Amino acid sequence: MFRPLRIFPEEPKFDFMKYHRIFAGISIVMIVASILLIGFKGLNFGIDFSGGILMEVRAPQAADIAQMRDDIADLGLGEIQLQEFGEPQDVLIRMQRQEGSEAEQAAAVAAVKEALGDEYEYRRTEFVGPKVGDELIVDAIWAMVLAIGGIMLYIWFRYEWQFAINAIVALIHDCLTTVGLFALLGLDFNLTTVAAVLTIAGYSVNDTVVIYDRIRTEMRRYKKMSMPDLLNLSLNRTLSRTVNTSGLTLLSVIALLIFGGDVLRNFSIALTWGMVIGVYSTIYVATPLLLYMNLRGVAARMAREAEAVPDTRP
């Protein structure tokens, strides 16, 4: 007889709340360290934010991105990104801004053309100044702020303000530590990384909402159970779902990290970290904070509202 694979017992009984203060201390250390790293060490902004050179190139046939990258890798021009653009033979080359005036930028373009050869058609060359990069930084910050604000409004509308505040704390925890990781490792921070951070926010809040929904259900079912026991019960009953969903997604992201190449490496690193820290924050940040939010008062109000609704069943 076929039996489903189980990572945890059918009824796990882990006492997550027992050590929640220890993990709260760990989370505070990570947040403070991330802020200090971003503030003092800073981020290694990519071409999108720091400005640079943009070239649109057409190959005589389907472009070999790896070979093109090898051809221009030893030119000493700093960060260079290549990606397919539109048709298979079209390639977009991004280079970091060179030190000096426009003459140095033109010399870098000439060096790339010489390395690739005359068989390529050089269709467009643009110089992206630092002002455009500054505008993109502001736009990226606004994108993250609006995303977090929208998530907060949804949870506030869907649940209670106590849930919304805790979910946003966990969300900021995940996003901030991800950016801090990039500052620590000196990885390129570009628009792709911003997309990864927004993706992490979505996954994180998804796990949190699932557990919050279970908590609200158990609050109606066990009106006299202590809050730590009720939170433990809710976490244990959603543990398999949380680990299985995030674990399977993590396997895909790890495969992307290993086989995706240089173009997707930073995106994959951000998502890998985000998947892990998202599960952690759901269990040890978003949920334990509810211990200090007077949820029993919320449950009592919900019960009164339910009793006030007239029974219209025939």
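Our structure's up above, just so we're on the same page.
Below you will find a few notes about this structure. (Residues numbered from 1 in each chain as written. Predicted model: local features only at pLDDT ≥ 70, side-chain atom pairs only at ≥ 80, totals over all residues. Heavy atoms only, no water.)

In this section: the overall build of the chain. Scanning the chain from N- to C-terminus turns up ten helices and six strands. For the chain, the proportion of its 314 residues judged to be buried stands at 40%. Look at the contacts in the chain between residues 6 or more apart in sequence, and 76% of them connect residues 24 or more apart. Summed over all atoms, the accessible surface of the chain reaches about 17,400 Å², with 61% contributed by carbon and sulfur. (Helix = DSSP H or I, 4+ residues; strand = E, 2+ residues; numbered from the N terminus. Buried < 20%, exposed > 50% of the residue type's maximum accessible area, 1.4 Å probe, protein only. Contact = heavy atoms within 4.5 Å. Areas by Shrake-Rupley, 256 points an atom, 1.4 Å probe, with all protein chains shown as cover.)

Quick look at the pattern of salt bridges now. By the definition in use, this model includes nine salt bridges. In this structure, Arg-58 and Asp-90 form a salt bridge, with 2.7 Å as the shortest nitrogen-oxygen distance. One end of the pair, Arg-58, is in strand 2 (residues 52–58); the other, Asp-90, is in strand 4 (residues 90–96), with 32 residues separating them in the sequence. Notably, a salt bridge pairs Glu-218 with Arg-237, separated by 3.1 Å at the nearest N-O pair. Taken together, the residues span a long stretch of sequence, with Glu-218 in helix 7 (residues 191–221) and Arg-237 in helix 8 (residues 227–259) at a distance of 19 residues. Judged by its relative accessible area of 0%, Glu-218 is buried. (Salt bridge = Lys/Arg side-chain N within 4 Å of Asp/Glu carboxyl O.)

Quick look at the side chain of Asn-236 now. Along the polypeptide, Asn-236 turns up in helix 8. Not counting the four nearest positions on each side in its chain, Asn-236 is found in contact with Pro-12, Lys-13, Phe-14 and Phe-16.

Let us now look at the nonpolar core. Grouped together as the largest cluster of nonpolar side chains are 52 residues, with contacts concentrated most on Phe-16, Ile-151, Ile-155, Phe-163, Tyr-212, Ile-215 and Ile-283. Taken together, the elements giving at least two residues each to this core come down to helix 5 (130–158), helix 6 (161–185), helix 7, helix 8 and helix 9 (261–286). When residues of this core are assigned to their parent elements, the largest contribution, twelve residues, is made by helix 9. With sequence-adjacent residues up to four places away left out, Phe-16 is seen in contact with Asn-232, Leu-235, Asn-236, Leu-239, Ile-283 and Tyr-284. In this structure, Met-68, Ile-72, Leu-82 and Ala-108 belong to the second largest nonpolar core, which totals 18 residues. (Core = buried A, V, L, I, M, F, W, Y, C linked by side-chain atoms within 4.5 Å.)

Ordered in space as 3-4-2-5, the four strands form an open sheet in which the pairing is antiparallel. Each end of this open sheet is capped by a strand with a single partner; those strands are strand 3 (80–84) and strand 5 (121–128). The sheet shows a mean angle of 15° between the axes of neighbouring strands, direction not considered. Pairing of strand 3 with strand 4 involves five bridges; the strand directions are antiparallel. Note that in strand 4 the partner of Ile-80 across the bridge is Met-95. Relative to the sheet, helix 4 (residues 102–116) contacts strand 2, strand 4 and strand 5, its axis offset from that of strand 5 by approximately 155°. (Pairing = 2+ DSSP bridges. Axes fitted to C-alpha atoms, helices over the stretch in contact; angles between N-to-C directions.)

With that settled, the discussion passes to the packing of aromatic side chains. Pairs of aromatic rings are described using the distance from one ring centre to the other and the angle between the two planes. Within this structure, the stated rule accounts for seven aromatic pairs. Ring centres of Phe-16 and Tyr-284 lie 6.1 Å apart, and the angle between their planes is 65°; on these two criteria the pair is classed as edge-to-face. Here Phe-16 is found in the segment before helix 1 (20–41), whereas its partner Tyr-284 is found in helix 9, with 268 residues between them in sequence. Like Tyr-284, Phe-16 is buried. Chaining the aromatic ring pairs together yields one cluster made of Phe-14, Phe-16, Phe-23, Tyr-280 and Tyr-284. (Phe/Tyr/Trp six-rings, centres within 6.5 Å; stacked < 30°, edge-to-face > 60°.)

The contact between helix 1 and helix 6 brings their axes to 8 Å, and the two run at 50°. Of the possible angle classes, the one that applies to helix 1 and helix 6 is oblique. Taken as a pair, helix 1 and helix 6 cross one another with a handedness that is left-handed. Mapping the contact onto sequence places Ser-27, Met-30, Ile-31, Ser-34, Ile-35, Leu-37, Ile-38 and Lys-41 in helix 1 and His-173, Leu-176, Thr-177, Val-179, Gly-180, Ala-183 and Leu-184 in helix 6. Residues that form the contact of helix 1 with helix 6 fall into these classes: nine nonpolar, five polar and one charged. (Parallel < 35°, antiparallel > 145°, perpendicular 65-115°, else oblique. Left-handed = near helix turned anticlockwise from the far one by under 90°. Nonpolar A, V, L, I, M, F, W, Y, C, P; charged D, E, K, R; others polar.)

Before going further, it helps to examine a nonpolar patch on the surface. Together, Val-138, Ile-141, Trp-142, Val-145 and Leu-146 make up a nonpolar patch on the protein surface, roughly 510 Å² of accessible area in all. Mapped onto the fold, Val-138 is located in helix 5. For Val-138, a relative accessible area of 42% gives the class partly exposed. (Patch = residues over 30% accessible without salt bridge, like charges linked within 9 Å, V, L, I, M, F, W, Y side chains within 5 Å.)

The subject of this paragraph is the packing of helix 6 against helix 7. Two elements in contact, helix 6 and helix 7, have axes whose closest approach is 9 Å; the angle formed by their N-to-C orientations is 150°. The angle between helix 6 and helix 7 places the two elements in the roughly antiparallel class. The two elements helix 6 and helix 7 meet at a crossing, and its hand is right-handed. Packed against helix 6, whose contacting residues are Phe-163, Asn-166, Ala-167, Leu-171, Asp-174, Cys-175, Thr-178, Val-179 and Phe-182, the element helix 7 presents Thr-193, Val-197, Ile-200, Ala-201, Ser-204, Val-205, Thr-208, Tyr-212 and Ile-215 at the interface.

Owing to its 3.6 residues per turn, the α-helix aligns residues three or four sequence positions apart on the same side. With 22 residues, helix 1 extends 30 Å between its outermost C-alpha atoms, agreeing within 8% with the 32 Å of an ideal straight helix rising 1.5 Å per residue. Along helix 1, the positions that sit buried rather than exposed are His-20, Ser-27 and Ser-34. The arc that holds every buried residue of helix 1, seen down its axis, measures 45°, which confines them to one face. When the buried face of helix 1 is taken as reference, the exposed residues oriented beyond 90 degrees from it are Arg-21, Ile-22, Ile-28, Val-29, Gly-39, Phe-40 and Lys-41. (Expected span 1.5 Å × (residues − 1). Arc of directions from axis to C-beta.)

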